[in-house]
Amino acid sequence: MHEMGIAIEIYRTSREAVLGHGPGRIERVRVAVGELAAVEPDLLSFAWEAVVAGSADSEAALEVDWRPARQLCSTCGEVAERASGSWLRLCPRCEQPLAVEGGDELDILEIVYEAEEPAVREA
Amino acid sequence: MKTIVTVKRKALASNDERAGQLRAMLAERGTLALNLISSPGSGKTTLLEATLRELGGELRCAVLEGDVATERDAERIRALGVPAHQILTGGACHLDARLVQGGLEEGRIPEVDILFIENVGNLICPTSYDLGEDLKVVLLSVTEGDDKPFKYPAIFARAEVAVISKADLLPHVPFDLAAVKEQIATLNPRATILLTSSLTGQGMGAWYDLLRARLATKREETA
């Protein structure tokens, strides 16, 4: 299981990204995980909880956008429907070999950050 | 005040940066680097032993061995007179670019023509980590079963070369070679598929030729 290392990287990168926004806490981090990223979303979420626990962002949620790979037919252009986690060898329409496209995402997309209100200066 | 910060950064960007540094260093040296990935016991080290016996006389080779524990694999390589460094991950299931940089620190591995990086035996976790290699090579032995490419699609989609190993055992195990080739072709139509036996030498000529050709290409690109 390498999801723990990835969760640590996501948290570290997220903290860097909000550095210029002053003190505050991360509410949510949205990531894209592709079907061919070799990362299990449930394990990643589990690891994330362990990573943020005890940090300044202990309530931060991880939102995983699952990005399936697409199976395309280069002969007829059909995008083949398939059950999740299964693969088709031939195009259901023209029976030519299918190719796999996409699904290799492992990206941090955006962070919802709650910045502390700036202190009111006394006149 | 709630702010939405758009990031659009790869989760493993810091690994990718280090892999980029490694790639630049290896290009400068004209070294071809391979990242060998498979489940434990598919024959990565045995393939390397046969390869080093064949190519050791004509090319300078070295091996970085990744394992959770023991120096055993590096010792097997050194017994052939080939420089090897053992990276012990201490439990981690994969190598990353930082570990490879550490393995290449001064003096550990000389400048070579081909650097073989044998990853920790695992078909999943090593997939996500770029090590600065020129090509990923996945091994699948015939005893592992003929359903593995579709079961572990990520590595078969990424590996440029798929070595189906232990071909000498084919007569003794149920293994539908055509089905495996079809699965790999579906996930990666450009993959080169080789059927080999490190013990009998079957199919090894094509593997050696591939290494020589890739080294020549790299030399031309980086000259």
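Residues numbered from 1 in each chain as written. Chains lettered and ligands numbered in written order. Predicted model: local features only at pLDDT ≥ 70, side-chain atom pairs only at ≥ 80, totals over all residues. Heavy atoms only, no water.

> Would you mind showing me how to read the overall build of chain A here?
Across its full length, chain A holds two helices and six strands. Each helix and strand of chain A, placed in order from N terminus to C terminus, yields the pattern α-β-α-β-β-β-β-β. For the C-alpha atoms alone, the extent of chain A along its principal axes is close to 75 × 35 × 20 Å. Here the analysis covers contacts within chain A between residues at least 6 apart in sequence; of these, 72% occur between residues at least 24 apart. Only carbon and sulfur atoms are counted for the fraction: they give 51% of the accessible area of chain A, which is about 6,600 Å². (Helix = DSSP H or I, 4+ residues; strand = E, 2+ residues; numbered from the N terminus. Contact = heavy atoms within 4.5 Å. Areas by Shrake-Rupley, 256 points an atom, 1.4 Å probe, with all protein chains shown as cover.)

> Whenever I open this one, the side chain of His94 of chain B confuses me. Can you help?
Secondary-structure assignment places His94 of chain B in the loop between β4 (84–88) and α4 (97–103). Residue His94 of chain B is classed as buried on the basis of its relative accessible area, which comes to 9%. With residues up to four places along the chain from it excluded, the contact list for His94 of chain B reads His2 of chain A together with Thr89, Leu99, Asn119, Val120, Cys125, Pro126 and Tyr129 of chain B. (Buried < 20%, exposed > 50% of the residue type's maximum accessible area, 1.4 Å probe, protein only.)

> What's the story with the packing of helix α2 (residues 44–55) of chain B against helix α8 (residues 204–222) of chain B in this structure? I'm lost.
The geometry of a pair of packed helices is captured by two quantities: the angle between their axes and the separation between those axes. Residue and element names in this part refer to chain B. The interhelical angle for the contact between α2 and α8, taken along N-to-C directions, is 70°, at an axis separation of 11 Å. Between α2 and α8, the angle is such that the two are roughly perpendicular. Here α2 and α8 pass one another in a crossing that is right-handed. Along the contact surface, α2 presents Leu47, Ala50, Thr51, Glu54 and Leu55, while α8 presents Met204, Trp207, Tyr208, Leu211 and Arg212. Taken together, the residues of the contact of α2 with α8 sort by class into seven nonpolar, one polar and two charged. (Axes fitted to C-alpha atoms, helices over the stretch in contact; angles between N-to-C directions. Parallel < 35°, antiparallel > 145°, perpendicular 65-115°, else oblique. Left-handed = near helix turned anticlockwise from the far one by under 90°. Nonpolar A, V, L, I, M, F, W, Y, C, P; charged D, E, K, R; others polar.)

> Explain the packing of helix α1 (residues 3–17) of chain A against helix α2 (residues 41–52) of chain A here, please?
Residues and elements named next belong to chain A. Between α1 and α2, whose axes approach to 8 Å, the crossing angle comes to 55°. With respect to α2, the element α1 is oriented oblique. Between α1 and α2 the crossing geometry is right-handed. Of the residues in α2, those in contact with Glu3, Met4, Ile6, Ala7, Ile8, Ile10 and Tyr11 of α1 are Leu43, Leu44, Ala47, Trp48, Ala50, Val51 and Val52. Here the residues of the contact of α1 with α2 are counted per class, giving 13 nonpolar, no polar and one charged.

> Looking at this structure, I do not really get the interface of chain A and chain B. What am I missing?
Many structure descriptions define interface size as the accessible area lost when the parts assemble. With 34 residues of chain A at the contact, the number on the chain B side is 30 residues. Counting each side, the surface lost to burial between chain A and chain B is near 2,700 Å², with a carbon and sulfur contribution of 57%. By the criterion of area lost to chain B, the three top residues of chain A are His2, Trp87 and Arg89 of chain A, representing 21% of everything that side buries. Connecting chain A to chain B are four salt bridges. (Buried area = accessible area lost by both parts, 1.4 Å probe. Salt bridge = Lys/Arg side-chain N within 4 Å of Asp/Glu carboxyl O.)

> Would you explain the sheet that holds strand β1 (residues 24–34) of chain A in this entry?
Each strand in a sheet pairs with its neighbour through backbone hydrogen bonds, running either in the same direction (parallel) or in the opposite one (antiparallel). Reading across the sheet, the four strands line up as β2(A)-β1(A)-β6(A)-β1(B) and stay open at both edges, with mixed pairing between neighbours. The open sheet is flanked by β2 (61–67) of chain A together with β1 (2–10) of chain B, the only strands paired with a single partner. Here the average twist between neighbouring strands, direction ignored, is 20°. Relative to the sheet, α1 of chain A contacts β1, β2 and β6 (106–115) of chain A together with β1 of chain B, its axis offset from that of β1 of chain A by approximately 130°. Along the sheet, α2 of chain A makes contact with β1 and β2 of chain A, crossing β2 of chain A at roughly 165°. (Pairing = 2+ DSSP bridges.)

> Can you help me understand the packing of aromatic side chains in this one?
Centre distance and the angle of the planes are the two values used to describe a pair of aromatic rings. Residues and elements named next belong to chain A. One pass over the full model with this rule turns up one aromatic pair over all chains. Here Tyr11 and Trp48 contribute two aromatic rings whose centre-to-centre distance is 6.0 Å and whose plane-to-plane angle is 80°, an arrangement assigned as edge-to-face. Of the two residues, Tyr11 sits in helix α1 while Trp48 sits in helix α2, which places them 37 residues apart along the sequence. (Phe/Tyr/Trp six-rings, centres within 6.5 Å; stacked < 30°, edge-to-face > 60°.)

> Please explain the pattern of salt bridges as it appears in this structure.
Where charged atoms from two side chains of opposite charge approach closely, those side chains can pair. Summed over all chains, the structure comprises 31 salt bridges over all chains. Among the salt bridges present, the one from Lys10 of chain B reaches Asp107 of chain A, with a minimum N-O distance of 3.7 Å. Here the residue Lys10 of chain B occupies a position in strand β1, and Asp107 of chain A occupies one in strand β6, the pair thus bridging two chains. The exposure class assigned to Lys10 of chain B is partly exposed, which follows from its relative accessible area of 46%. For Asp107 of chain A, a relative accessible area of 17% puts it in the buried group. By sharing partners, the salt bridges in this structure join Arg30, Asp65, Arg67 and Glu110 of chain A into a single network.

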